[in-house]
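Below are the chains, spelled out letter by letter.
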Amino acid sequence: MLKLKNIKIIGTDLFVDCYPEGSENEHFSLVINIISKEITKNSLNRRNMYVMQALYKIIQLLNTGNELPKEASSVWY
C-alpha cells in the first residue's frame, strides 16, 4: 500500500509526498514532469517498488482528465 499526499501541480511539475505502507517515518518525495510523465526529482535517489507505484498512480490520475485530488492511495497484491 502507498499513500500519496500533498499532490499539487506548479507549472509542468507535479509534487507529491509518498508514504509506503502509510508510514509517516519512511516517506519520500517526488517531482514528476506532467508532460513527459517522468520523475525529475526523487528524495530517495533510487527507484524501488514504491517509487514506481507512485509514478504509475500519478499517471493514472493525470490520464483521467479530472482535477487531481490532494491525496490518493494505491493498493496492489
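Scroll up to find the structure.
Attention here is on the structure that accompanies the text. (Residues numbered from 1 in each chain as written. Predicted model: local features only at pLDDT ≥ 70, side-chain atom pairs only at ≥ 80, totals over all residues. Heavy atoms only, no water.)

### Quick word on the packing of aromatic side chains
Aromatic ring pairs are reported here in terms of the distance separating the ring centres and the angle at which the planes meet. Following the criterion strictly, the structure yields one aromatic pair and no others. Between Tyr50 and Trp76, the ring centres sit 5.9 Å apart and the planes meet at 65 degrees, which makes this aromatic pair edge-to-face. Residue Tyr50 is found in helix H1 (residues 49–63), and its partner Trp76 is found in the segment after strand E5 (72–74); the two are separated by 26 residues along the sequence. Residue Tyr50 is classed as buried on the basis of its relative accessible area, which comes to 18%. Taking the ring centre of Tyr19 as reference, the NZ or CZ of Lys5 above it sits at 4.9 Å. (Phe/Tyr/Trp six-rings, centres within 6.5 Å; stacked < 30°, edge-to-face > 60°. Helix = DSSP H or I, 4+ residues; strand = E, 2+ residues; numbered from the N terminus. Buried < 20%, exposed > 50% of the residue type's maximum accessible area, 1.4 Å probe, protein only. Lys NZ or Arg CZ within 6 Å of the ring centre and 35° of its normal.)

### Some remarks on the nonpolar core
Residues Leu4, Ile7, Cys18 and Leu30 are the most contacted members of the largest nonpolar core, which totals 18 residues. Secondary structure elements with two or more residues in this core: strand E1 (2–10), strand E2 (13–20), strand E3 (28–33) and H1. Broken down by element, the residue count for this core peaks at six residues, all from H1. (Core = buried A, V, L, I, M, F, W, Y, C linked by side-chain atoms within 4.5 Å.)

### Quick notes on the pattern of salt bridges
Taken as a whole and assessed by the stated rule, the structure comprises one salt bridge. A salt bridge links Glu24 to Lys5, with the shortest nitrogen-to-oxygen separation between them at 3.0 Å. Taken together, the residues span a long stretch of sequence, with Glu24 in the loop between E2 and E3 and Lys5 in strand E1 at a distance of 19 residues. (Salt bridge = Lys/Arg side-chain N within 4 Å of Asp/Glu carboxyl O.)

### Remarks on the environment of Glu38
Structurally, the position occupied by Glu38 is in strand E4 (residues 38–42). Between the alpha carbons of Glu38 and Leu55 there is a distance of 8.0 Å; along the sequence they are 17 residues apart. With near-sequence residues (within four places) excluded, Glu38 lies in contact with Val31, Ile32 and Asn33. (Contact = heavy atoms within 4.5 Å.)

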